[in-house]
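Structural features, examined
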Amino acid sequence: MINSKFLDFQLCDEIQRSLKKLKYTTPTAIQQKAIPEILNAKDVLGIAQTGTGKTAAFCLPLLELLIRSKSKPVKRSCRLLILAPTRELAIQLFKKVKSYAYLTNLNFALVYGGVGKAEQIESLREGVDVLVATPGRLLDLWEYEKVEFDSVEYLVLDEADRMLDMGFIEELEDLLRMLPEKRQNLFFSATMSQEVKTLSESILKNPSLIEVAPPATVSADVDQKVMYVDKEHKLKLLFHVIEENPDGKFLVFVDMKRTTRKLGQELAKKGFRVSVINGDKLQAARQQAINEFAKGSTDILVATDVAARGLDIKGVTHVINYELTHIAESYVHRIGRVGRAGEKGYAISFTTGDEKSYLAHAEKLTKESVELVTKQPFHSQKAFDTPLMKVGKAKAKIEREKGKVERLKKPR
Ligand code: AMP
């Protein structure tokens, strides 16, 4: 059945009112499909990327089920456990789930690594309805007997593919062994590798499969462009693109942590308002960088893939691939930071001759061709004419050179 309004789901008044406040009127495709299944106590296997509305797709019906049921969590436990791969995603999920439930009496806790444990332990002491956690810190607290899983009735695994990429499989297996046998499970992943499939099969019982967009689909609202440029001119090209778009909000991706710092310094020196985020930063600093950028105190966020995956920041107009990635799926994730919720956006790849193979790899995956822009002051015909190499060979070459030439060249 296709619903056209949230009213059709018969969610309680408190949730309906919060949706009104958030100006959600029409359920997205995944919400239309998943909400009735979850309300019917079905396990769900959702293949969906961020940007599709998947968070509300699982939060709304689960909050409804929590409200309808009279059960209470025991001390140090929770009724709904939501696992997320990174701290940023856990924080983002926590904010979203609370925004859907702010009129209810449900209570919440958030647990992630890189910060002190005392407050988190305290927040769990009496038990909570909803716990959002990253697997590592959750296990850590369990080892100190500060969290228990006896009351878990609902489990959500968000971005399961990312969890596996990050090597969380053992933590997940340990956690799953501790959960009560009888529970409803929701499993979300952007991609479906054999590894993800095996993990899903070990968790889900007779699930409903809900797939909203095939993996590696790029939103039609993202305008993809390539600018061929020599390595030593990339910084000048970046200045040029930013200056050409004075109202832009730029997410700039680089390959390595040290490049985020150097590029951030160069942009700041030029007078741009810039934040930097990479996996090395302390949690508080990472969150501060995201907040600055999200709130508009800065116009540019320089990031690595690890730090930026899944971030949902409104109003980003440009994703700049300052350095391309050899992982074609990461290209898709990067450019998925624009063109969200119906907004138009640009994804511009600064491509050297060596990186040309990376772009070709991404085009093959997405089955889309990226538009060439030659009308830019640093166009490199030499880069454009470079013959394609195998991705592995290009990667070896680029990494070899990075080891030697790690300085960012300043524009003359
Ligand atoms: P997600 O895929 O959960 O990260 O959601 C992507 C974005 O879409 C978030 O900014 C949500 O707040 C927004 N969103 C989710 N569902 C709806 C909806 N039904 N109507 C309008 N916006 C929505």
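Please read all numbers here as calculations on a predicted model, not as lab measurements. (Residues numbered from 1 in each chain as written. Predicted model: local features only at pLDDT ≥ 70, side-chain atom pairs only at ≥ 80, totals over all residues. Heavy atoms only, no water.)

1. Describing the sheet that holds strand 2 (residues 78-83)
The strands making up a sheet associate through hydrogen bonds between their backbones, and the pairing can be parallel or antiparallel. Read from one edge of the open sheet, seven strands run 3-4-2-5-6-1-7, paired in parallel fashion. This sheet does not close on itself; its edge strands, each paired only once, are strand 3 (108-111) and strand 7 (208-211). Ignoring strand direction, the axes of neighbouring strands in this sheet form an average angle of 15°. When strand 2 meets strand 4 (residues 128-133), the two strands line up parallel, connected through five bridges. Note that in strand 4 the partner of Cys78 across the bridge is Val128. Packed on one face of the sheet, helix 9 (residues 194-203) meets strand 1 (44-47), strand 5 (154-157) and strand 6 (184-189) and runs near 170° to strand 6. (Pairing = 2+ DSSP bridges. Helix = DSSP H or I, 4+ residues; strand = E, 2+ residues; numbered from the N terminus. Axes fitted to C-alpha atoms, helices over the stretch in contact; angles between N-to-C directions. Contact = heavy atoms within 4.5 Å.)

2. Some points on the state of the cysteines
Each disulfide is one covalent bond, formed between the sulfur atoms of two cysteines. Counted by the stated rule, this structure contains zero disulfides. Cys59 provides the cysteine sulfur closest to Cys12, a residue in no disulfide bond, and the two sulfurs are 14 Å apart. Overall, Cys12 belongs to the buried group, its relative accessible area being 15%. Among the residues examined, Cys59 registers a relative accessible area of 1% and is labelled buried. (Disulfide = S-S within 2.5 Å. Buried < 20%, exposed > 50% of the residue type's maximum accessible area, 1.4 Å probe, protein only.)

3. As for the environment of Gln16
Following the sequence through the fold, Gln16 ends up in helix 1 (residues 13-22). Linking Gln16 and Leu103, residues 87 residues apart in sequence, is a C-alpha distance of 9.8 Å. Setting aside its immediate chain neighbours within four residues, Gln16 contacts Phe6, Leu7 and Leu11. Within polar-contact distance, the side chain of Gln16 engages the backbone oxygen of Leu11 at 3.5 Å. (Polar contact = N/O pair within 3.5 Å; in protein donor to acceptor, adjacent residues only side chain to side chain.)

4. Observations concerning the pairing of strand 13 (residues 345-351)
Within a regular beta strand, the side chains point alternately toward one face of the sheet and then the other, so they alternate between its two faces. The buried fraction of strand 13 amounts to six of the seven residues, a majority that puts the element mostly inside the structure. Pairing geometry for strand 8 (residues 222-228) and strand 13, over seven bridges, is parallel. Within strand 13, the residue paired with Gln224 across the bridge is Ala347. In the sheet, strand 12 (residues 318-321) pairs with strand 13 via four bridges, with the strands oriented parallel. Considered in strand 13, the bridge of Asn321 is made with Ser349.

5. A look at the nonpolar core
The biggest cluster of nonpolar side chains holds 44 residues, and the ones touching the most others in it are Phe58, Leu60, Leu62, Leu63, Val130 and Val132. Considering every element that reaches this core, the biggest residue donor is helix 3 (residues 54-68), with nine residues. If near-sequence neighbours (up to four positions away) are discounted, Leu63 is found in contact with Ile15, Val97, Tyr100, Ala101, Leu106, Phe108 and Val130. Leu138, Phe149, Phe168 and Leu172 belong to the second-largest nonpolar core, a separate cluster that totals 32 residues. (Core = buried A, V, L, I, M, F, W, Y, C linked by side-chain atoms within 4.5 Å.)

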